[in-house]
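Each chain, written out:
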Amino acid sequence: MAPAPSHCHATNGNNGAIAASDTPVKTQHCARLLDADEFRRQGRLVVDLIADYYAGMGEYPVHPTVSPGFLRHRLPAEPPSRREPDAFAAAMQDVRDVILPGLTHWQSPRHFAHFPASSSTAGALGEALAGRHQRRSLHALHLPERLLFAGGGGGSILGTTCEAILCALVAARDRKLAAIGEGRIGDLVVYCSDQTHFAFCKAARIAGIRGRHSREMPTYRDNAFGVFSGALRAAMRREADAGLVPLFVCATVGTTQTTAVDPVGELRGAVAGGVEAVDSFSMNAHKWLLANNDCCVMWVRTPSALVAALGTDQEYILKDAAAETAAADGGEGVVDYKDWGITLTRRFRALKLWLVLRCYGVEGLREHIRSHVGMAAAFEGMVRADARFEVVTPRRFALVCFRLRSPNKKTANELNRRLLEEVNAASSGPYMSSANVGGVYMLRCAVGSTLTEERHVREAWKVVQDRATSILSKMEIIM
Ligand SMILES: *Cc1c(COP(=O)(O)O)cnc(C)c1O
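What counts as what
Residues numbered from 1 in each chain as written. Predicted model: local features only at pLDDT ≥ 70, side-chain atom pairs only at ≥ 80, totals over all residues. Heavy atoms only, no water. UniProt positions renumbered as here; feature names shortened; annotations may be inferred. 1 Å grid on protein atoms, 1.4 Å probe; cavity = no way out; pocket = protein on both sides within 12 Å on 5 of 7 lines; lining within 4 Å. Points joined across faces, edges and corners; volume = space filled by probe spheres on them. Helix = DSSP H or I, 4+ residues; strand = E, 2+ residues; numbered from the N terminus. Buried < 20%, exposed > 50% of the residue type's maximum accessible area, 1.4 Å probe, protein only. Contact = heavy atoms within 4.5 Å. Near = heavy atom within 4 Å. Polar contact = N/O pair within 3.5 Å; in protein donor to acceptor, adjacent residues only side chain to side chain. Areas by Shrake-Rupley, 256 points an atom, 1.4 Å probe, with all protein chains shown as cover. Pairing = 2+ DSSP bridges. Axes fitted to C-alpha atoms, helices over the stretch in contact; angles between N-to-C directions. Parallel < 35°, antiparallel > 145°, perpendicular 65-115°, else oblique. Nonpolar A, V, L, I, M, F, W, Y, C, P; charged D, E, K, R; others polar. Salt bridge = Lys/Arg side-chain N within 4 Å of Asp/Glu carboxyl O. Core = buried A, V, L, I, M, F, W, Y, C linked by side-chain atoms within 4.5 Å.

Quoted straight from UniProt, the Sequence similarities (unreviewed entry) entry for the protein says "Belongs to the group II decarboxylase family." Reading the Cofactor (unreviewed entry) entry of the UniProt record for the protein gives the comment "pyridoxal 5'-phosphate".

Structural data, given as structure tokens:
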């Protein structure tokens, strides 16, 4: 048999023969990299593994007790130098026995921490199928017409919110600098609230906005941690009077810590005098819409601003004209998405999202969301029915922020920190997370796992109550 061509070494990620070795790899083996029968056999192993994982999900502790680095001791330090017989099956066994038990199981029905990272079988298979290019409008969201292709705007699918915010910010920055002169980049000021995800300030830094020009407007519990549009307007006026240039306001519908909602309409009014729509909007379909990681949809009002900032051939005016002509002809025009985002090479996320929409339907997705909201409302009811507890911020969507009341304000945070620790330590119990807003530490119960049923929510509450009883009685003994 002839030695393999050298490029085969580099493309073979499956068996560790990455560096050129002095033992020639056989051509027959290269052919097997895309062998249809081999693929069927290996594919079945993967599907079985995932299916077993889904079926046994409830059995795993949601949050493993392993420490960082534990895998180093359980897996060989070096990859094998040559293909081992049936290496794929052996690797799957390692995944099952060694790797899976060390993961936090975000798909567990007892996962109530952070936010959902929802998965579905259609999403998983869509991920596996990804390979071609396609566009899709999510009319189900009732977005303003001007953000859609039909209204002169347009949408794109990116990986994450961090990416979407950066693209929008860079487009806004360049549009502004084109008007006031490049030299004034140091005068640009951007606004968000003290509840906005760090993604925004990080994007501002990458976009060259000075750190001290990222303004975090304070929020308060009385106002359910939303931004005050009046305060924002005053801050912008002050800054403009001082010779600075207000550039960008980032509003959030459902903040990360407490799902607070900024008054988007009012803010938009404060910025530009009552325009109905925002300039851009993004949403993570990988959070709650069953599109497995990663999948963030973004719409913009003025695609040409994105293209001006991120396009690579400076022909955007022509292209926009071509797109407009095509749109006028009833088509959606041609979009070169490399000019709408950071990357040239893109994963085919649209296929995954399309498969999810197609398989579950808009109404099915609505039911999915409503059922989580219903379960969260039930959890909220249980918290309210126990006088020892309080619901800290009004429940919106499917997140309940709650805490134990404490006679001693000073130790309340400590008490609740301990409660969360004990809740999460309960074997086969729930896994929740925390928020600390305005100095108030609270527990977060975020319903959203695909597998969560009412009984999981009831059981989770039972664990919280039991742990609280135990902690409070220990405290009484001490006192
Ligand atoms: C999750 C989340 C983000 C970050 O999303 P990525 O997709 O991880 O970048 C930003 N903002 C809000 C409100 C979020 O909930």
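## Here we look at empty space enclosed by the protein
According to the stated counting rule, one finds 1 cavity of 30 Å³ or more in the structure shown. In this model, the largest cavity occupies a volume close to 40 Å³. If you go around the largest cavity, the residues you meet are Tyr191, Cys192, Ser193, Met217, Val227, Leu232, Val249, Cys250, Asp262 and Leu267. Sorting elements by how many residues they give to the lining of the largest cavity places strand E3 (residues 188-193) first, with 3 residues.

## With respect to unusual backbone geometry
Cis peptide bonds are those with omega within 30 degrees of zero, and the linkage from asparagine 293 to aspartate 294 qualifies with -10 degrees. For histidine 114, which is not glycine, the phi dihedral falls at a positive 50 degrees. Looking at the secondary structure, you find histidine 114 in the loop between strand E1 (111-112) and helix H6 (121-129). The backbone of threonine 259 sits at a positive phi, close to 50 degrees, despite the residue not being glycine. With respect to the helices, strands and loops of the structure, threonine 259 is situated in the loop between strand E5 (245-249) and helix H10 (264-272).

## Concerning the environment of threonine 160
Mapped onto the secondary structure, threonine 160 falls in the loop between strand E2 (154-158) and helix H7 (161-180). Of the residues examined, threonine 160 reaches a relative accessible area of 29% and is grouped as partly exposed. Between the C-alpha atom of threonine 160 and that of histidine 286, which follows or precedes it by 126 residues, the distance is 8.7 Å. When neighbours within four sequence positions are excluded, threonine 160 is seen to be in contact with Asn284, His286 and Cys296.

## Here we look at the site of the ligand
Surrounding the ligand, one finds Phe115, Thr160, Thr161, Cys162, His197, Thr252, Gly254, Thr256, Asn284, His286 and Lys287. With respect to the ligand, the side chain of asparagine 284 contributes an N or O atom lying 2.9 Å from an oxygen atom. The fraction of the free accessible surface of the ligand (390 Å²) that becomes covered by protein chains is 78%. Going through the elements one at a time, H7 and helix H11 (285-288) are the ones with two or more residues in the shell around the ligand.

## A short note on the sheet that holds strand E4 (residues 214-217)
Backbone-to-backbone hydrogen bonds join strands into a sheet, with any given pair of strands oriented parallel or antiparallel. The strand order E4-E3-E5 describes an open sheet built from 3 strands, whose pairing is parallel. The open sheet is flanked by E4 and E5, the only strands paired with a single partner. Between one strand axis and the next, the sheet turns through 30 degrees on average, direction left out of account. In this structure, E3 lies alongside E4, joined through 4 bridges in parallel fashion. In the strand pairing of E4, valine 190 is matched with serine 214. Across the sheet, H7 lies against E3 and E5, angled at about 155 degrees from E5, the strand it touches most. Of the strands in this sheet, E3, E4 and E5 are in contact with helix H9 (residues 229-241), which crosses E3 at around 165 degrees.

## Observations concerning the pairing of strand E10 (residues 431-437)
Taking burial as the measure, the 7 residues of E10 include 5 buried ones, the bulk of the element. Across 2 bridges, the pairing between E1 and E10 is parallel. In the strand pairing of E10, phenylalanine 112 is matched with methionine 432. Across 5 bridges, the pairing between E10 and strand E11 (residues 440-446) is antiparallel.

## Considering the packing of helix H3 (residues 36-56) against helix H5 (residues 87-99)
Interaxial distance between H3 and H5 falls to 10 Å at its minimum, and their mutual angle equals 10 degrees. Relative to H5, the element H3 is oriented roughly parallel. Residues Gln42, Leu45, Val46, Asp48, Leu49 and Asp52 of H3 lie in contact with H5, whose contacting residues are Phe88, Ala89, Met92, Val95 and Arg96. Of the residues in the contact of H3 with H5, the class split is 7 nonpolar, 1 polar and 3 charged.

## Let's talk about the environment of valine 278
Mapped onto the secondary structure, valine 278 falls in the loop between H10 and strand E6 (280-284). Measuring from C-alpha to C-alpha, the distance between valine 278 and valine 249 comes to 9.9 Å, with 29 residues separating the pair along the chain. Setting aside anything within four residues of it in sequence, one finds valine 278 in contact with Leu147, Val264, Arg268 and Arg301.

## Observations regarding the pattern of salt bridges
This model, assessed by the stated rule, comprises 26 salt bridges. In this structure, arginine 184 engages aspartate 187 in a salt bridge whose closest nitrogen and oxygen atoms are separated by 3.0 Å. Overall, the relative accessible area of 31% leaves arginine 184 in the partly exposed class. For aspartate 187, a relative accessible area of 24% puts it in the partly exposed group. For arginine 417, the salt bridge identified is with glutamate 414, shortest N-O distance 3.0 Å. Of this pair, arginine 417 and glutamate 414 both sit in helix H15 (residues 409-425), 3 residues apart, which is roughly one turn of that helix.

## Topic: the nonpolar core
In a soluble, globular protein the nonpolar side chains are often hidden away together inside. Leu169, Val190, Phe200, Leu247, Phe248, Leu306 and Trp340 are the most contacted members of the largest nonpolar core, which has 37 residues in total. Mapped by element, the contributors of at least two residues to this core are H7, E3, helix H8 (198-206), E5, strand E7 (296-300) and helix H12 (303-310). When residues of this core are assigned to their parent elements, the largest contribution, 10 residues, is made by H7. If you look at the next biggest cluster of nonpolar residues, it comprises 28 residues, including Val391, Ala398, Met432 and Val457.

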